[in-house]
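Okay, here's what each chain looks like letter by letter:
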Amino acid sequence: LYHLQTGKPLNYSQPTVVSNCVEDIVHKDKRFTVWDLGGQNVYRSLWQYHLAGSKGLLFVLDSTDRLRVPEAKKELFNLLREERLRDAVLVVLANKQDQPNSMSAQEVAEALSLNQLGDQRRWYVQPTSALCGEGVVEVMDWVIANL
């Protein structure tokens, strides 16, 4: 989100604690309100308060943390069952591509069983690096093209 607002890379990255609302991100003349919600277990119950009116779900996955992928998959599919996200497009940001041993987009799609979604939902996996800002523009381009 920082990269979208400023066009600059981060000097460091840390997990989102609770949530941050970023108002008025503009990309290619389209305006977005983006909620950055913490993924720690203690904060997940708060996600429900931010779903109304959502047209897209950007789900960030640490693509170096293979041990937590099953937990991420469970939480992702719980979100996708929400009626308020029924028509939302899905982008999984396979983050930390700047790190060694990160999963590829294909590996992430397979690990999350995204093919199970079939034609029910438009989805896409984009390799990203929050530190470098890589892949973020492509994510927003895909969202705009698929809304």
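The sections below set out a description of the structure shown in this document. (Residues numbered from 1 in each chain as written. Predicted model: local features only at pLDDT ≥ 70, side-chain atom pairs only at ≥ 80, totals over all residues. Heavy atoms only, no water.)

A look at the overall build of the chain
1) Next: Helices and strands together make up the secondary structure of the chain, namely 4 helices and 5 strands.
2) Next: The helix and strand sequence of the chain, counted from the amino end, reads α-β-β-β-α-β-α-β-α.
3) Next: Expressed as a percentage of its 147 residues, the buried residues of the chain come to 37%.
4) Next: Contacts spanning at least 24 positions in sequence make up 67% of the contacts within the chain whose residues lie at least 6 apart.
5) Next: With the model as given, the accessible surface of the chain reaches about 9000 Å², and the carbon-plus-sulfur share is 49%. (Helix = DSSP H or I, 4+ residues; strand = E, 2+ residues; numbered from the N terminus. Buried < 20%, exposed > 50% of the residue type's maximum accessible area, 1.4 Å probe, protein only. Contact = heavy atoms within 4.5 Å. Areas by Shrake-Rupley, 256 points an atom, 1.4 Å probe, with all protein chains shown as cover.)

Some points on the sheet that holds strand E3 (residues 56–62)
1) Next: Taken in spatial order, the 3 strands line up as E3-E4-E5 in an open sheet, and their pairing is parallel. For this open sheet the edge positions go to E3 and strand E5 (123–127), each flanked by a neighbour on one side alone. Averaged over all neighbouring strand pairs, the angle between strand axes comes to 20°, with direction disregarded.
2) Next: Pairing geometry for strand E4 (residues 89–95) and E5, over 5 bridges, is parallel. Bridge pairing links Leu93 to Gln126 in E5.
3) Next: With respect to the sheet, helix H2 (residues 69–80) is in contact with E3 and E4, its orientation differing from that of E3 by roughly 175°.
4) Next: The sheet strands contacting helix H4 (residues 136–146) are E3, E4 and E5, and the helix crosses E4 at an angle near 170°. (Pairing = 2+ DSSP bridges. Axes fitted to C-alpha atoms, helices over the stretch in contact; angles between N-to-C directions.)

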